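Here is what each chain is made of, one letter per residue.
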Amino acid sequence: DVVPNHVTVTVLKNGGALLGAYADDGPAQTGGMVGAAFWWLGVGPNLTLKVCSHMAGVLPEWQGQGVGSLLKRRQREVILEQGLTDWVTWTYDPLQRVNGVLNLHRLGGTCHTYYRNVYGTMHDALNAGSPSDRFQVDWWLRSPRVVAAIEEQSAKDKEKIALPADFATWHLLPTTLSRQGLLQPAETAPILDGAPLAVPIPEDVNLVRRSDRELGLAWRFYTRDIFEAAFAAGYVAVDCLRLPDQKWDYLLRTQDAAGRSG
């Protein structure tokens, strides 16, 4: 969807910002811009000031090259330079594995808020045929977790995922394969006893949705039930990583273990 120019200008004149990523060989029709991020000021509980990061996107042919990570890191610098708040939030579909890795693993964000069908029925390629459920990311810009993630990515801008030392204590949820060879959830209730919980997701939910609409919906409702129950029990999503069995999972820890800033 297009943001009207008068809305963009008003946001920029009132504490928000529009950040572009440019490349020398970027498309002429965009003036070389290959990615952008757009945000404004807002409030959370008790009228706590925060930044609402509404859009961050990269042109398809430029994805997978670290542009999104660079945009978010520069966004962090701009917000800290503004000096008004160090809390940023945004939403994304938790079934989009690439976004989960970027938001939680590479940027150090956390999530303990799950919203059902935020935008209603959507018809774009990424969302058609599935309720628009969303994670809300909390990005605490000065937290040790975020600082460590940013420093690691600045030193080596590659996806590096290592299992934590307490992996043997995690509760893992089983999966099976469909007749088409696609990963599907097994109806097993999660154990929410305070130990870390790993919640599986498809490696490519867009492929699943194109190949088997019912399976795509099954993943939505399965993960919805687990995340809502876990967040209500005091868990926080702190990572998105590939396990030794080659499945992608979210790692959830209790609030006490994760802390406000992970």
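Further up the page is the structure itself.
About the cut-offs
Residues numbered from 1 in each chain as written. Predicted model: local features only at pLDDT ≥ 70, side-chain atom pairs only at ≥ 80, totals over all residues. Heavy atoms only, no water. Phe/Tyr/Trp six-rings, centres within 6.5 Å; stacked < 30°, edge-to-face > 60°. Buried < 20%, exposed > 50% of the residue type's maximum accessible area, 1.4 Å probe, protein only. Helix = DSSP H or I, 4+ residues; strand = E, 2+ residues; numbered from the N terminus. Lys NZ or Arg CZ within 6 Å of the ring centre and 35° of its normal. Expected span 1.5 Å × (residues − 1). Pairing = 2+ DSSP bridges. Core = buried A, V, L, I, M, F, W, Y, C linked by side-chain atoms within 4.5 Å. Contact = heavy atoms within 4.5 Å. Polar contact = N/O pair within 3.5 Å; in protein donor to acceptor, adjacent residues only side chain to side chain.

Caption draft 1: Broad picture of the packing of aromatic side chains. This structure, assessed with the given rule, holds 13 aromatic pairs. Here the aromatic rings of F38 and W40 are separated by 5.5 Å at their centres, their planes lie at 80°, and the arrangement is edge-to-face. We classify F38 as buried; its relative accessible area is 5%. When its relative accessible area of 28% is taken as the criterion, W40 is described as partly exposed. With a centroid separation of 5.9 Å and an interplanar angle of 85°, the aromatic rings of Y92 and F135 are classed as edge-to-face. In this pair, Y92 sits in strand β4 (residues 87–92) while F135 sits in strand β6 (residues 134–140), placing the two residues 43 residues apart along the sequence. Among the aromatic side chains, those forming a connected cluster through ring pairs are Y92, Y114, F135, F227, F231 and Y250. Note that K72 overlies the ring of W90, its terminal NZ or CZ placed 3.6 Å from the centroid. Cation over ring: R97 sits above W248, and NZ or CZ is 4.6 Å from the ring centre.

Caption draft 2: Region of interest: helix α3 (residues 97–106). Extensive coverage of α3 is indicated by the burial of eight of its ten residues. Inspection of α3 places R97, G100, V101, L102, N103, L104, H105 and R106 among the buried residues, and these make up the whole buried set.

Caption draft 3: Expanded view of helix α2 (residues 67–82). Between its first and last C-alpha, α2 extends 23 Å over 16 residues, near the 22 Å set by a 1.5 Å rise per residue. Buried within α2 we find V67, S69, L71, K72, R73, Q75, R76 and I79. Once α2 finishes, G83 follows within two positions and takes phi at roughly 80°, a positive value.

Caption draft 4: Examining the pairing of strand β12 (residues 248–254) more closely. Across the seven residues that make up β12, a large majority, seven, are buried. Of the two faces of β12, the one lined by W248, Y250, L252 and T254 and the one lined by D249, L251 and R253 are each fully buried. Note: strand β10 (residues 197–201) against β12, five bridges, orientation antiparallel. Directly across from V199, in β12, lies its bridge partner Y250. Direction of pairing for strand β11 (residues 235–242) relative to β12: antiparallel, over a ladder of seven bridges. Its bridge partner being in β12, A237 is matched across the sheet by L252.

Caption draft 5: Representation of the nonpolar core. Core analysis: the largest hydrophobic core is formed by 49 residues, its most contacted members being F135, Y250 and L252. In terms of residue count, helix α6 (residues 213–232) provides more of this core than any other element does, seven residues in total. What L252 contacts, discounting residues up to four positions off in sequence, is P196, L197, V199, F227, A230, F231, Y235, V236 and A237. By size, the runner-up hydrophobic cluster in this structure holds eight residues, among which are A198, V236, V238 and L241.

Caption draft 6: Focus on the side chain of S143. Here S143 shows up in the loop between β6 and α4 (144–155). A residue is classified by how much of its surface remains accessible, and S143, at 5% relative accessible area, is buried. A polar atom in the side chain of S143 sits 2.9 Å from the backbone oxygen of W140.

Caption draft 7: Structural detail: the pairing of strand β2 (residues 33–43). As defined by bridge partners, strand β1 (residues 17–22) adjoins β2 across six bridges and the pair is classed as antiparallel. Of the residues in β2, the one forming a bridge with L19 is A37. Strand direction decides the pairing type here: β2 and strand β3 (residues 49–58), joined by nine bridges, are antiparallel. In the sheet register, A36 faces β3, and the bridge partner there is G57. The loop that links β2 with its antiparallel partner β3 comprises five residues; one of these, N46, has a positive phi angle of about 60°.

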